[in-house]
Amino acid sequence: MKVCFVGDIVGYAGRRAFKTVMPGFLKSNSIDCCIVNAENSVHGLGASINILRELETYGADLFTLGNHTFSNREFISQIAKVKNLARPANFSPSWPGNDYCVFEKNGEKIGVFNLLGQVYANVLPDNPFTYADGIVERLKRVEGCTTVLLDFHCDATSEKCAMGYYLDGKVSVVAGTHTHVQTADETILPNGTGYITDCGMCGAKESILGMDIEASIRRLAYKLPAKYEPADGEGFVCGIIFETDKNGRCTAIRRFCEYE
């Protein structure tokens, strides 16, 4: 299976860049499944059912989220309707939505799940390592998935790396998200799991993590209040493409960054 995973989509610029870039990109790269982290897709914070459906028309098959899963409060009542989405499984048992989602093509299934990291976290998730074990078991034994991807939405690079080695040989790929900065460490670990610390983001090129530059400088350099707003302008799309064999082992992984 050949899979594309796109990092955090940030606001309108990210959605526009995805629309502009991805239909042709997915076709030219013969992608079987496109997975998108959409936790910042509504004006930089949260998701909505209308935006997810819009992204589907441009090629998205499955979605993941993160710590801003319900920053758009309307999505609390919408998420149960979205079957092709996995929200973080290790936060609160009261959260609606799915612990994982599954996509099938040509008789082969890919399972996708989403976990929050616990180091430097501004929320208090449960132990992601414990949750990973249980979800991988369900995806393989119950759902019959060969290819399995974890979107690990996490601050600390050390925790992401630890998760990669913890799941090496158990899943196809561990892909980090959340920092919005693409890392140059994509690799295949010794037991056949593909890994990257962060896939990057999909948003405005001239920005600070997809958000307005002046607001960030005002807050960080001068310690003055300023409301974060998504930046606009030329956009880009960051992510990874990986391939798996019939046993779900990662045979190739590469990062990409495509501009409008």
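Here, every reference points to the structure presented above.
Worth saying up front: this structure is predicted, and the values here are computed from it rather than measured. (Residues numbered from 1 in each chain as written. Predicted model: local features only at pLDDT ≥ 70, side-chain atom pairs only at ≥ 80, totals over all residues. Heavy atoms only, no water.)

Further remarks concern a nonpolar patch on the surface. Taken together, the side chains of Val181, Ile208, Leu209, Ile213, Ile217, Tyr222 and Leu224 present a nonpolar region at the surface, about 570 Å² in accessible area. Note on placement: Leu209 falls in the loop between strand E12 (201-204) and helix H6 (213-221). (Patch = residues over 30% accessible without salt bridge, like charges linked within 9 Å, V, L, I, M, F, W, Y side chains within 5 Å. Areas by Shrake-Rupley, 256 points an atom, 1.4 Å probe, with all protein chains shown as cover. Salt bridge = Lys/Arg side-chain N within 4 Å of Asp/Glu carboxyl O. Helix = DSSP H or I, 4+ residues; strand = E, 2+ residues; numbered from the N terminus.)

Inspection of helix H2 (residues 49-57) places Ile49, Ile51, Leu52 and Leu55 among the buried residues, and these make up the whole buried set. Here the buried residues of H2 occupy an arc of 165° about the axis, which is enough to place them on one side. For H2, the exposed residues lying more than 90 degrees away from the buried face are Asn50 and Thr57. Residues of H2 that are buried sit in contact with strand E2 (8-9), helix H1 (11-28), strand E4 (62-64), helix H3 (75-78) and strand E5 (85-86). (Buried < 20%, exposed > 50% of the residue type's maximum accessible area, 1.4 Å probe, protein only. Arc of directions from axis to C-beta. Contact = heavy atoms within 4.5 Å.)

Moving on, we come to the packing of aromatic side chains. For any pair of aromatic rings, the description consists of the separation of the ring centres together with the inter-plane angle of the planes. For the coordinates displayed, the defined rule picks out six aromatic pairs. Ring plane angle 45° and centroid distance 6.3 Å describe the contact between Phe70 and Phe75, whose orientation is recorded as tilted. One aromatic cluster is present, built from ring pairs that chain together Phe70, Phe75, Phe91 and Trp95. Between Lys170 and the ring centre of Tyr166, over which it is positioned, the NZ or CZ distance is 4.5 Å. (Phe/Tyr/Trp six-rings, centres within 6.5 Å; stacked < 30°, edge-to-face > 60°. Lys NZ or Arg CZ within 6 Å of the ring centre and 35° of its normal.)

Attention now moves to the sheet that holds strand E7 (residues 108-116). Strand order in this open sheet of six strands is E6-E7-E8-E9-E11-E10, and the pairing throughout is mixed. If you trace the sheet from one side to the other, it starts and ends with strand E6 (100-105) and strand E10 (187-188), each paired once. By the bridge criterion, two bridges tie E10 to strand E11 (residues 194-196) in an arrangement that is antiparallel. Note that in E11 the partner of Ile188 across the bridge is Gly194. (Pairing = 2+ DSSP bridges.)

A word on the packing of helix H4 (residues 128-142) against helix H5 (residues 157-166). Running from N to C, H4 and H5 cross one another at 30°; their axes reach a closest spacing of 11 Å. Between H4 and H5, the interaxial angle falls into the category roughly parallel. By crossing handedness, the relation of H4 to H5 is classed as right-handed. Only Glu159, Ala162, Met163 and Tyr166 of H5 make contact with H4, whose side of the interface consists of Pro128, Phe129, Ala132 and Asp133. Each residue belonging to the contact of H4 with H5 can be placed in one class, and the counts come to six nonpolar, no polar and two charged. (Axes fitted to C-alpha atoms, helices over the stretch in contact; angles between N-to-C directions. Parallel < 35°, antiparallel > 145°, perpendicular 65-115°, else oblique. Left-handed = near helix turned anticlockwise from the far one by under 90°. Nonpolar A, V, L, I, M, F, W, Y, C, P; charged D, E, K, R; others polar.)

By themselves, these observations are geometric and do not establish any function.
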